[in-house]
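If you want the building blocks of each chain, they are given just below.
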Amino acid sequence: MADVISPPAPAASRRRSTRRAGDTVFLGLSAASAVSIMVILAGVAIFLIIQGLPAITANWADNKDLSSIQNPAQVPWTSFWDYVGPLLWGSIFAALIAMVLGAPVAIGIALFISHYAPRRIAGALGYIVDLLAAVPSIVFGLWGIAVMRPFLLPLSDFLNQYFGWIPLFAGPVSSTGSTMLAGGVVLAVMILPIVTSITREIFLQTPRLHEEAALALGATRWEMIRLSVLPYARSGMISATLLGMGRALGETMAIAMIMSPSVLYSLLILTDGYNSQTIAANVALNFPVATEIQRSALIGTGLMLFVVSFAVNMLARYIIAAQGPKPARKRRRKEGKVA
(Lines give C-alpha, C1' and ligand atoms only; values in the text may rest on other atoms or scores of the structure.)
Protein backbone atom coordinates (compact mmCIF):
# COMPACT_ATOMS: atom_id res chain seq x y z
CA MET A 1 0.00 0.00 0.00
CA ALA A 2 1.48 3.31 -1.05
CA ASP A 3 2.40 5.73 1.69
CA VAL A 4 0.28 8.78 1.69
CA ILE A 5 2.30 11.91 2.47
CA SER A 6 0.20 14.77 3.64
CA PRO A 7 1.54 18.15 2.53
CA PRO A 8 2.40 20.67 5.30
CA ALA A 9 -0.08 23.35 6.03
CA PRO A 10 0.98 26.34 3.96
CA ALA A 11 -0.46 28.90 6.40
CA ALA A 12 1.48 27.48 9.36
CA SER A 13 4.65 27.37 7.29
CA ARG A 14 4.23 30.98 6.31
CA ARG A 15 3.68 31.99 9.95
CA ARG A 16 6.83 30.12 11.02
CA SER A 17 8.93 31.70 8.27
CA THR A 18 7.55 35.15 9.02
CA ARG A 19 8.23 34.73 12.73
CA ARG A 20 11.76 33.56 12.09
CA ALA A 21 12.43 36.43 9.72
CA GLY A 22 11.04 38.90 12.24
CA ASP A 23 13.17 37.42 15.01
CA THR A 24 16.23 37.69 12.80
CA VAL A 25 15.53 41.31 11.92
CA PHE A 26 14.83 42.21 15.55
CA LEU A 27 18.01 40.48 16.69
CA GLY A 28 20.02 42.36 14.09
CA LEU A 29 18.52 45.72 15.06
CA SER A 30 19.10 45.06 18.76
CA ALA A 31 22.70 44.02 18.18
CA ALA A 32 23.31 47.03 15.94
CA SER A 33 21.88 49.35 18.60
CA ALA A 34 24.10 47.86 21.29
CA VAL A 35 27.19 48.10 19.09
CA SER A 36 26.34 51.67 18.04
CA ILE A 37 26.21 52.75 21.70
CA MET A 38 29.68 51.32 22.29
CA VAL A 39 30.99 52.91 19.07
CA ILE A 40 29.59 56.33 20.00
CA LEU A 41 30.99 56.08 23.52
CA ALA A 42 34.40 55.06 22.19
CA GLY A 43 34.25 57.86 19.61
CA VAL A 44 33.55 60.47 22.28
CA ALA A 45 36.40 59.16 24.43
CA ILE A 46 38.85 59.13 21.50
CA PHE A 47 37.85 62.66 20.48
CA LEU A 48 38.36 63.98 24.00
CA ILE A 49 41.73 62.25 24.34
CA ILE A 50 43.04 63.47 20.98
CA GLN A 51 41.86 67.04 21.45
CA GLY A 52 42.83 67.32 25.11
CA LEU A 53 46.20 65.55 24.97
CA PRO A 54 48.20 68.59 23.73
CA ALA A 55 47.23 70.59 26.83
CA ILE A 56 47.52 67.64 29.20
CA THR A 57 51.10 66.90 28.11
CA ALA A 58 52.18 70.53 27.57
CA ASN A 59 54.66 72.39 29.75
CA TRP A 60 52.33 74.89 31.38
CA ALA A 61 55.14 76.82 33.07
CA ASP A 62 56.55 77.88 29.68
CA ASN A 63 53.20 78.58 28.00
CA LYS A 64 51.67 81.93 28.93
CA ASP A 65 48.27 81.03 27.47
CA LEU A 66 48.06 78.03 29.76
CA SER A 67 49.80 79.32 32.89
CA SER A 68 47.57 82.40 33.10
CA ILE A 69 44.22 80.87 32.11
CA GLN A 70 41.52 81.83 34.65
CA ASN A 71 43.92 82.44 37.47
CA PRO A 72 42.42 84.91 39.97
CA ALA A 73 45.33 84.56 42.39
CA GLN A 74 47.83 85.42 39.66
CA VAL A 75 49.84 82.32 40.53
CA PRO A 76 50.80 80.52 37.31
CA TRP A 77 49.51 77.00 36.82
CA THR A 78 52.39 74.57 36.67
CA SER A 79 50.53 71.65 35.08
CA PHE A 80 47.18 70.55 33.74
CA TRP A 81 46.43 68.72 36.98
CA ASP A 82 46.80 71.91 39.03
CA TYR A 83 44.18 73.48 36.79
CA VAL A 84 41.69 70.62 36.55
CA GLY A 85 41.83 69.68 40.24
CA PRO A 86 39.74 72.61 41.56
CA LEU A 87 37.29 72.20 38.68
CA LEU A 88 36.80 68.51 39.44
CA TRP A 89 36.30 69.35 43.10
CA GLY A 90 33.70 72.01 42.24
CA SER A 91 31.75 69.64 39.99
CA ILE A 92 31.67 66.85 42.57
CA PHE A 93 30.94 69.24 45.45
CA ALA A 94 27.98 70.86 43.66
CA ALA A 95 26.61 67.44 42.69
CA LEU A 96 26.90 66.18 46.27
CA ILE A 97 25.01 69.21 47.59
CA ALA A 98 22.30 68.58 45.01
CA MET A 99 22.08 64.91 45.99
CA VAL A 100 21.89 65.64 49.73
CA LEU A 101 19.11 68.18 49.18
CA GLY A 102 17.24 66.58 46.29
CA ALA A 103 17.39 62.80 46.66
CA PRO A 104 15.42 62.54 49.95
CA VAL A 105 12.74 64.88 48.58
CA ALA A 106 12.52 62.91 45.34
CA ILE A 107 12.18 59.60 47.17
CA GLY A 108 9.53 61.10 49.45
CA ILE A 109 7.56 62.37 46.44
CA ALA A 110 7.80 58.94 44.81
CA LEU A 111 6.52 57.25 47.98
CA PHE A 112 3.62 59.69 48.27
CA ILE A 113 2.62 59.16 44.64
CA SER A 114 2.89 55.38 44.76
CA HIS A 115 1.48 54.56 48.22
CA TYR A 116 -0.30 57.50 49.83
CA ALA A 117 -1.92 59.81 47.31
CA PRO A 118 -5.39 59.07 45.89
CA ARG A 119 -5.32 57.76 42.34
CA ARG A 120 -6.42 61.00 40.68
CA ILE A 121 -4.00 63.15 42.64
CA ALA A 122 -1.19 60.64 42.13
CA GLY A 123 -1.65 60.69 38.36
CA ALA A 124 -1.71 64.48 38.18
CA LEU A 125 1.25 64.88 40.52
CA GLY A 126 3.30 62.29 38.62
CA TYR A 127 2.53 64.08 35.36
CA ILE A 128 3.62 67.42 36.81
CA VAL A 129 6.87 65.98 38.16
CA ASP A 130 7.64 64.36 34.80
CA LEU A 131 7.05 67.70 33.07
CA LEU A 132 9.94 69.20 35.07
CA ALA A 133 12.32 67.14 32.93
CA ALA A 134 11.20 69.12 29.86
CA VAL A 135 12.09 72.50 31.38
CA PRO A 136 15.33 73.85 29.82
CA SER A 137 18.25 74.42 32.16
CA ILE A 138 18.38 78.10 31.24
CA VAL A 139 14.85 78.50 32.62
CA PHE A 140 16.01 76.94 35.89
CA GLY A 141 18.91 79.38 35.84
CA LEU A 142 16.61 82.37 35.43
CA TRP A 143 14.38 81.02 38.19
CA GLY A 144 17.41 80.64 40.43
CA ILE A 145 18.50 84.23 39.78
CA ALA A 146 15.07 85.81 40.25
CA VAL A 147 13.65 83.63 43.03
CA MET A 148 16.14 81.38 44.82
CA ARG A 149 19.03 83.82 45.28
CA PRO A 150 17.01 86.46 47.19
CA PHE A 151 14.97 83.76 48.94
CA LEU A 152 18.08 82.11 50.38
CA LEU A 153 19.69 85.31 51.70
CA PRO A 154 17.95 85.20 55.13
CA LEU A 155 18.76 81.51 55.44
CA SER A 156 22.40 82.24 54.61
CA ASP A 157 22.59 84.89 57.32
CA PHE A 158 21.02 82.49 59.83
CA LEU A 159 23.40 79.64 58.97
CA ASN A 160 26.42 81.91 59.12
CA GLN A 161 25.39 83.48 62.43
CA TYR A 162 24.59 80.29 64.33
CA PHE A 163 26.61 77.65 62.47
CA GLY A 164 29.55 79.68 61.23
CA TRP A 165 31.92 77.42 63.14
CA ILE A 166 31.19 74.74 60.54
CA PRO A 167 33.48 75.22 57.49
CA LEU A 168 30.53 75.00 55.09
CA PHE A 169 28.85 78.07 56.57
CA ALA A 170 31.93 80.14 57.39
CA GLY A 171 33.23 83.22 55.60
CA PRO A 172 31.58 86.50 54.62
CA VAL A 173 27.98 85.98 53.54
CA SER A 174 27.19 86.99 49.99
CA SER A 175 24.96 90.03 49.54
CA THR A 176 23.83 88.94 46.07
CA GLY A 177 23.10 85.25 46.69
CA SER A 178 25.50 84.03 43.97
CA THR A 179 26.61 81.12 46.11
CA MET A 180 27.18 77.41 45.92
CA LEU A 181 24.11 76.94 48.11
CA ALA A 182 21.85 78.58 45.53
CA GLY A 183 23.43 76.53 42.76
CA GLY A 184 23.02 73.32 44.76
CA VAL A 185 19.34 74.05 45.46
CA VAL A 186 18.64 74.64 41.77
CA LEU A 187 20.51 71.46 40.84
CA ALA A 188 18.46 69.58 43.46
CA VAL A 189 15.26 70.74 41.77
CA MET A 190 16.63 69.77 38.36
CA ILE A 191 17.34 66.17 39.39
CA LEU A 192 13.90 65.67 40.96
CA PRO A 193 12.21 64.36 37.78
CA ILE A 194 14.86 61.69 37.14
CA VAL A 195 15.07 60.35 40.68
CA THR A 196 11.34 60.61 41.31
CA SER A 197 10.20 58.89 38.13
CA ILE A 198 12.60 55.96 38.48
CA THR A 199 11.97 55.35 42.18
CA ARG A 200 8.21 55.68 41.68
CA GLU A 201 8.19 52.96 39.05
CA ILE A 202 10.34 50.74 41.26
CA PHE A 203 8.04 51.26 44.25
CA LEU A 204 5.06 50.28 42.11
CA GLN A 205 6.81 47.04 41.11
CA THR A 206 6.99 45.81 44.70
CA PRO A 207 5.15 42.43 44.84
CA ARG A 208 1.61 43.06 45.97
CA LEU A 209 1.62 39.90 48.08
CA HIS A 210 4.52 41.23 50.16
CA GLU A 211 2.63 44.41 50.97
CA GLU A 212 -0.62 42.58 51.74
CA ALA A 213 1.21 40.06 53.93
CA ALA A 214 2.77 42.85 56.00
CA LEU A 215 -0.58 44.58 56.42
CA ALA A 216 -2.27 41.28 57.32
CA LEU A 217 0.27 40.76 60.11
CA GLY A 218 -0.75 44.07 61.65
CA ALA A 219 1.85 46.40 60.21
CA THR A 220 0.95 50.04 59.69
CA ARG A 221 1.30 51.70 56.29
CA TRP A 222 4.76 53.04 57.17
CA GLU A 223 5.89 49.72 58.65
CA MET A 224 4.75 47.96 55.48
CA ILE A 225 6.77 50.42 53.38
CA ARG A 226 9.82 50.09 55.63
CA LEU A 227 9.75 46.29 55.72
CA SER A 228 8.52 45.45 52.20
CA VAL A 229 8.86 48.34 49.76
CA LEU A 230 12.18 49.97 50.71
CA PRO A 231 14.22 46.71 50.90
CA TYR A 232 12.83 45.62 47.54
CA ALA A 233 13.61 48.98 45.91
CA ARG A 234 16.99 49.65 47.58
CA SER A 235 19.15 48.97 44.53
CA GLY A 236 16.77 50.89 42.29
CA MET A 237 16.85 53.91 44.58
CA ILE A 238 20.65 53.87 44.55
CA SER A 239 20.77 53.68 40.76
CA ALA A 240 18.21 56.49 40.44
CA THR A 241 20.20 58.65 42.84
CA LEU A 242 23.42 58.11 40.93
CA LEU A 243 21.68 58.88 37.64
CA GLY A 244 20.55 62.14 39.19
CA MET A 245 24.12 62.78 40.28
CA GLY A 246 25.20 62.28 36.66
CA ARG A 247 22.73 64.97 35.62
CA ALA A 248 24.07 67.30 38.29
CA LEU A 249 27.69 66.67 37.27
CA GLY A 250 27.03 67.68 33.67
CA GLU A 251 24.80 70.68 34.29
CA THR A 252 26.03 73.83 32.59
CA MET A 253 23.86 76.89 32.16
CA ALA A 254 22.10 76.97 35.52
CA ILE A 255 25.38 76.93 37.44
CA ALA A 256 27.00 79.39 35.04
CA MET A 257 24.14 81.86 35.52
CA ILE A 258 23.65 81.55 39.28
CA MET A 259 27.08 81.21 40.86
CA SER A 260 30.00 83.60 41.09
CA PRO A 261 32.79 81.01 40.96
CA SER A 262 36.57 80.87 40.98
CA VAL A 263 39.03 78.13 40.06
CA LEU A 264 40.00 77.11 43.58
CA TYR A 265 39.34 74.53 46.27
CA SER A 266 36.66 75.73 48.64
CA LEU A 267 34.18 74.31 51.13
CA LEU A 268 32.33 77.59 51.50
CA ILE A 269 28.75 77.63 50.24
CA LEU A 270 27.59 81.06 51.46
CA THR A 271 30.28 83.34 50.05
CA ASP A 272 30.49 85.36 46.86
CA GLY A 273 33.55 84.76 44.68
CA TYR A 274 34.91 81.85 46.72
CA ASN A 275 32.76 79.15 45.15
CA SER A 276 34.52 76.34 43.31
CA GLN A 277 33.81 76.39 39.58
CA THR A 278 32.36 73.31 37.86
CA ILE A 279 33.86 71.81 34.71
CA ALA A 280 30.71 72.05 32.58
CA ALA A 281 30.05 75.70 33.45
CA ASN A 282 33.74 76.55 33.01
CA VAL A 283 33.79 75.10 29.48
CA ALA A 284 30.57 76.88 28.51
CA LEU A 285 31.80 80.26 29.75
CA ASN A 286 35.33 80.20 28.36
CA PHE A 287 35.30 78.06 25.21
CA PRO A 288 34.17 80.84 22.81
CA VAL A 289 36.98 83.22 23.83
CA ALA A 290 39.76 80.68 24.38
CA THR A 291 42.84 80.29 22.20
CA GLU A 292 43.63 77.02 20.49
CA ILE A 293 45.75 75.63 23.31
CA GLN A 294 43.27 76.90 25.90
CA ARG A 295 40.47 75.08 24.08
CA SER A 296 42.59 71.96 24.27
CA ALA A 297 42.83 72.49 28.03
CA LEU A 298 39.07 72.93 28.29
CA ILE A 299 38.49 69.75 26.30
CA GLY A 300 40.95 68.01 28.63
CA THR A 301 38.81 69.05 31.59
CA GLY A 302 35.82 67.62 29.73
CA LEU A 303 37.73 64.34 29.47
CA MET A 304 38.18 64.32 33.24
CA LEU A 305 34.43 64.91 33.70
CA PHE A 306 33.78 62.04 31.29
CA VAL A 307 35.98 59.76 33.39
CA VAL A 308 34.24 60.81 36.62
CA SER A 309 30.79 60.24 35.13
CA PHE A 310 31.89 56.84 33.87
CA ALA A 311 33.23 55.98 37.33
CA VAL A 312 29.92 57.02 38.93
CA ASN A 313 28.02 54.71 36.60
CA MET A 314 30.44 51.86 37.29
CA LEU A 315 29.95 52.43 41.01
CA ALA A 316 26.19 52.29 40.53
CA ARG A 317 26.48 48.99 38.67
CA TYR A 318 28.70 47.58 41.41
CA ILE A 319 26.29 48.60 44.17
CA ILE A 320 23.31 47.17 42.30
CA ALA A 321 25.14 43.90 41.67
CA ALA A 322 26.27 43.68 45.29
CA GLN A 323 22.68 44.02 46.49
CA GLY A 324 21.11 41.82 43.82
CA PRO A 325 19.89 38.23 44.07
CA LYS A 326 23.24 36.61 43.24
CA PRO A 327 25.06 37.75 46.43
CA ALA A 328 21.95 36.80 48.41
CA ARG A 329 22.19 33.27 47.07
CA LYS A 330 25.86 33.15 47.99
CA ARG A 331 25.06 34.28 51.54
CA ARG A 332 22.40 31.62 51.87
CA ARG A 333 24.84 28.96 50.66
CA LYS A 334 27.44 30.09 53.20
CA GLU A 335 24.84 30.07 55.96
CA GLY A 336 23.82 26.55 54.93
CA LYS A 337 27.43 25.35 55.02
CA VAL A 338 27.94 26.84 58.46
CA ALA A 339 24.76 25.19 59.74
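Residues numbered from 1 in each chain as written. Predicted model: local features only at pLDDT ≥ 70, side-chain atom pairs only at ≥ 80, totals over all residues. Heavy atoms only, no water.

1. Some remarks on the overall build of the protein
Stated formally: By definition, any uninterrupted DSSP run of H or I lasting at least four residues is a helix, any uninterrupted run of E lasting at least two residues is a strand, and each is numbered from the N terminus. Buried residues are those whose accessible area, probed at 1.4 Å on protein chains only, stays under 20% of the maximum for their type, while exposed residues exceed 50% and partly exposed ones sit between those limits. Should any heavy atoms of two residues lie within 4.5 Å, those residues are counted as being in contact.
Check the secondary structure of the protein and you find 13 helices and two strands. Put simply, the protein has 339 residues, and 37% of those count as buried. The long-range fraction of contacts in the protein, counting pairs at least 24 apart against all pairs at least 6 apart in sequence, stands at 76%.

2. Comments concerning the nonpolar core
Rules: Among buried residues, the Ala, Val, Leu, Ile, Met, Phe, Trp, Tyr and Cys ones that are joined through side-chain atoms within 4.5 Å form a nonpolar core.
With 56 residues, the main nonpolar core has Trp60, Tyr83, Met180, Val186, Leu187, Leu249 and Ile269 as its most contacted residues. Looking at this core, the elements that each hand over two or more residues are helix H1 (10-56), helix H3 (80-116), helix H5 (137-163), helix H6 (180-204), helix H9 (234-249), helix H10 (253-258), helix H11 (279-286) and helix H12 (292-322). The element that contributes the greatest number of residues to this core is H3, accounting for 11 residues. Within the second largest apolar cluster, 12 residues are counted, among which are Ala110, Ile202, Ile225 and Met237.

3. A word on the pattern of salt bridges
What counts is decided by this rule: Salt bridge, as used here: a side-chain nitrogen of Lys or Arg that lies within 4 Å of a carboxyl oxygen of Asp or Glu.
Applying the stated criterion across every chain yields a total of five salt bridges. For Asp130, the salt bridge is made with Arg200, and the minimal N-O distance between the two is 3.3 Å. Here Asp130 is found in helix H4 (residues 119-131), whereas its partner Arg200 is found in helix H6, with 70 residues between them in sequence. Taking the relative accessible area as the measure of exposure, Asp130 reaches 34% and is therefore partly exposed. Between Arg208 and Glu212 there is a salt bridge; the shortest N-O distance is 3.5 Å. On the criterion of helical spacing, the pair formed by Arg208 and Glu212 is a turn pair, its members being four residues apart in helix H7 (residues 208-216).

4. Concerning the packing of H5 against H6
Applied cut-off: With axes taken as lines fitted to C-alpha atoms, and helix axes fitted only over the stretch in contact, angles between N-to-C directions fall between 0 and 180 degrees. Orientation categories follow fixed angle ranges, with anything under 35 degrees roughly parallel, anything over 145 roughly antiparallel, 65 to 115 roughly perpendicular, and all other angles oblique. Here is the rule for handedness: rotate from the far helix to the near one, and if that takes an anticlockwise turn smaller than a right angle the crossing is left-handed, while a clockwise turn gives right-handed. Residues are sorted three ways: Asp, Glu, Lys and Arg are charged, Ala, Val, Leu, Ile, Met, Phe, Trp, Tyr, Cys and Pro are nonpolar, and all the rest, Gly among them, are polar.
Packing of H5 against H6 brings their axes to within 9 Å, and their N-to-C directions diverge by 130°. By the angle between their axes, H5 is oblique relative to H6. Handedness of the crossing formed by H5 with H6: right-handed. Residues Ser137, Phe140, Trp143, Gly144, Met148, Arg149, Leu152 and Ser156 of H5 pack against Leu181, Ala182, Val185, Val186, Val189 and Met190 of H6. Taken together, the residues that form the contact of H5 with H6 break down as 10 nonpolar, three polar and one charged.

5. Things to note about a nonpolar patch on the surface
Let me state the cut-off plainly: A residue counts toward a patch only above 30% relative accessible area and without a salt bridge, and it is joined to like-charged neighbours within 9 Å or, for Val, Leu, Ile, Met, Phe, Trp and Tyr, to nonpolar neighbours within 5 Å. Shrake-Rupley sampling with a 1.4 Å probe provides the accessible areas, and residues are treated as covered by the protein chains on show and by no other component.
There is a patch of nonpolar side chains on the surface, built from Leu155, Phe158, Tyr162, Phe163 and Trp165 and spanning about 580 Å² of accessible area. As for its position among the elements, Leu155 is in helix H5.

6. Let's talk about the UniProt feature "transmembrane region" (unreviewed entry) in the protein
As a reminder of what qualifies: UniProt positions are given in the numbering used here, feature names are shortened, and annotations may be inferred rather than shown by experiment.
Feature annotation in UniProt places "transmembrane region" (unreviewed entry) on residues 24-50, 87-113, 125-146, 166-195, 252-270 and 297-320, given in this structure's numbering. With 53% helix and 0% strand, the stretch residues 166-195 has end C-alpha atoms that lie 29 Å from each other.

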